[in-house]
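Reading the structure
Given next are the chains, with one letter for each unit.
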Amino acid sequence: MTLEGSRITHIFRTGKYIIMELKKAQRWSNDAEYLYLLTHLAMSGAYLINTTHRHERIKFTLDDNVLIYKDMRYFGTLKILDADGLKSYIESKKLGVDAFTKTRYDFEMQLIKKVYEPRYKRKTIKNLLLDQTIISGLGNIYACEVLFASGIHPLKTPAEIGFNEIKLLARNIEGIIALSYEVGGSSIKDYTGVDGQEGGFSEYMEVYGRKGQPCNACKSTIEVVKVDGRSSFYCPTCQEVG
Ligand SMILES: [Zn+2]
């Protein structure tokens, strides 16, 4: 399948997937047909416009602009799919509830329903927040920050967390993701927006990447614990185990 001659008609997102809808060039047929370019940026992927980059992997020549995809570590995913292919790919990922496409009430309720499912009872809340089949779109930085904002220790299990705490988590997920969107995301490695600007969310990080530094709320020393190989930064006082 080729994208040559096609027109970008729509760009949307589900979970961590960015999807560009492209109307195919109609050289051979009058049928309107669409293709979808699906992207998962993973650790180091990003789109940039009208520039070059030493880790540039793909270049899209548009009418008046050049769009490049750069990815230092090659963990990103790009796929060209037709409508059926896109549907089955997304379905196969069994994406959980997306904080940005639900009303707050729906989001809270769906989260409560999921987290207390018996199959998750031995999992830690940190595991659950990163599980894309439970909540789609939340990454490690935001999971750490959401737990801090909610005063919940990352190693707590669902049985140790009450309904009201889950509701608080839901509200903090919504609030923290909204804030990050507003300030252009997190530039921890070398992420930038398409305009090359770094994201400003690191200024708002209370725990992520702050091991050994004093908590802004209580001055305790920020600690880190590994959960499934991912570093979980937390304040031992603000996020007590008991
Ligand atoms: Zn603290």
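These remarks concern the structure in this document. (Residues numbered from 1 in each chain as written. Predicted model: local features only at pLDDT ≥ 70, side-chain atom pairs only at ≥ 80, totals over all residues. Heavy atoms only, no water.)

**Here we look at unusual backbone geometry**
Rules: Secondary structure counts use DSSP, requiring at least four H or I residues in a row for a helix and at least two E residues in a row for a strand, with both numbered from the N terminus.
Phi angles above zero are rare outside glycine, and Asn 50 is one such case at about 50°. Its place among the elements puts Asn 50 in the loop between strand S4 (45–49) and strand S5 (56–61).

**Overview of the coordination of the zinc ion**
Keep this limit in mind: Think of the donor list as every N, O and S atom within 2.8 Å of the metal, or within 3.2 Å for Na, K and Ca; water never makes the list, so a site can look incomplete. Angular criteria define each label, namely tetrahedral for four donors with all angles between 85 and 135 degrees, square planar for four and octahedral for six donors with opposite donors over 155 degrees apart and remaining angles between 65 and 115, and irregular for whatever fails these tests. Here's how the labels work: a residue is buried when its accessible area is under 20% of the maximum for its type, exposed when over 50%, partly exposed in between, all with a 1.4 Å probe on protein chains only.
Bound to the zinc ion are the protein donor atoms Cys 215 (SG), Cys 218 (SG), Cys 235 (SG) and Cys 238 (SG), situated 2.2 to 2.4 Å from the metal. Classification of the site at the zinc ion as tetrahedral follows from its 4 donor atoms and the range of 100 to 112° in their angles at the metal. Taken in chain order, the donor set of the zinc ion reads C-x2-C-x16-C-x2-C. Looking at Cys 215, the relative accessible area reads 1%, which means it is buried. Looking at Cys 218, the relative accessible area reads 28%, which means it is partly exposed.

**Some remarks on the sheet that holds strand S7 (residues 77–81)**
Rules: Following DSSP output, two strands are said to pair if at least two bridges run between them. Think of each axis as a best-fit line through the C-alpha atoms, taken over the contacting stretch in the case of a helix, with angles from 0 to 180 degrees between the N-to-C directions.
Overall, antiparallel pairing links the 4 strands, which are arranged S1-S2-S3-S7 in an open sheet. The open sheet terminates on both sides in strands that have one partner only, identified here as strand S1 (7–14) and S7. For this sheet, the mean inter-axis angle between neighbouring strands, taken without regard to orientation, is 20°. Across 5 bridges, the pairing between strand S3 (residues 34–40) and S7 is antiparallel. Across the sheet, residue Leu 37 finds its bridge partner in S7, namely Ile 80.

**With respect to helix H1 (residues 83–92)**
Short version of the rule: For this quantity, the arc is that covered by the directions from the helix axis to the C-beta atoms. Two residues qualify as a contact provided that any one of their heavy atoms is within 4.5 Å of a heavy atom in the partner residue.
Turning to H1, its buried residues are Leu 86, Tyr 89 and Ile 90. Looking straight down H1, one finds that the buried residues subtend no more than 95° of arc, so they occupy a single side. Opposite the packed face of H1, turned more than 90 degrees from it, sit the exposed residues Asp 84 and Lys 87. Tucked inside the fold, the buried residues of H1 contact S1, strand S2 (17–23), S3 and S7. Taken from the residues just after H1, Lys 94 is the one with a positive phi, measuring 45°.

**Looking at the pattern of salt bridges**
The condition is simple: Between Lys or Arg on one side and Asp or Glu on the other, a salt bridge is scored when a side-chain nitrogen of the former is within 4 Å of a carboxyl oxygen of the latter.
One pass over the full model with this rule turns up 6 salt bridges. For the salt bridge of Glu 117 with Arg 119, the shortest nitrogen-to-oxygen distance reads 2.7 Å. Residue class for Glu 117 comes out partly exposed when judged on its relative accessible area of 23%. Its relative accessible area of 56% is what places Arg 119 among the exposed residues.

**Re the pairing of strand S9 (residues 230–234)**
The side chains of a regular strand alternate between both faces of the sheet. Where strand S8 (residues 223–227) meets S9, 5 bridges bridge the pair, whose relative direction is antiparallel. Opposite Glu 223, over in S9, you have Tyr 234 as the bridge partner. Connecting S8 to the next strand, S9, in antiparallel fashion are 2 residues, including Asp 228 with a positive phi near 50°.

**Focus on the environment of Tyr 234**
Along the polypeptide, Tyr 234 turns up in strand S9. Judged by its relative accessible area of 9%, Tyr 234 falls in the buried class. Residues Tyr 234 and Ile 125, 109 residues apart in the sequence, show an inter-C-alpha distance of 13 Å. In this view, Tyr 234 contacts His 153, Pro 154, Val 207, Ile 222, Glu 223, Val 224, Val 225 and Gln 239; residues no more than four positions away in its chain are not counted.

**Details of the sheet that holds strand S6 (residues 66–71)**
Read from one edge to the other, the open sheet built from 3 strands follows the order S4-S6-S5, with strand pairing classed as antiparallel. Each end of this open sheet is capped by a strand with a single partner; those strands are S4 and S5. Averaged over all neighbouring strand pairs, the angle between strand axes comes to 20°, with direction disregarded. As defined by bridge partners, S4 adjoins S6 across 5 bridges and the pair is classed as antiparallel. Directly across from Ala 46, in S6, lies its bridge partner Lys 70.

**What about the side chain of Lys 70?**
Where we set the bar: Two N or O atoms count as a polar contact when they lie within 3.5 Å, although within protein this holds only if one can serve as hydrogen donor and the other as acceptor, and sequence-adjacent residues are included solely when both atoms are side-chain atoms.
The residue Lys 70 is located in strand S6 in this model. Note on Lys 70: relative accessible area 1%, which makes it buried. At 3.4 Å, the side chain of Lys 70 and the backbone oxygen of Ser 44 are in polar contact.

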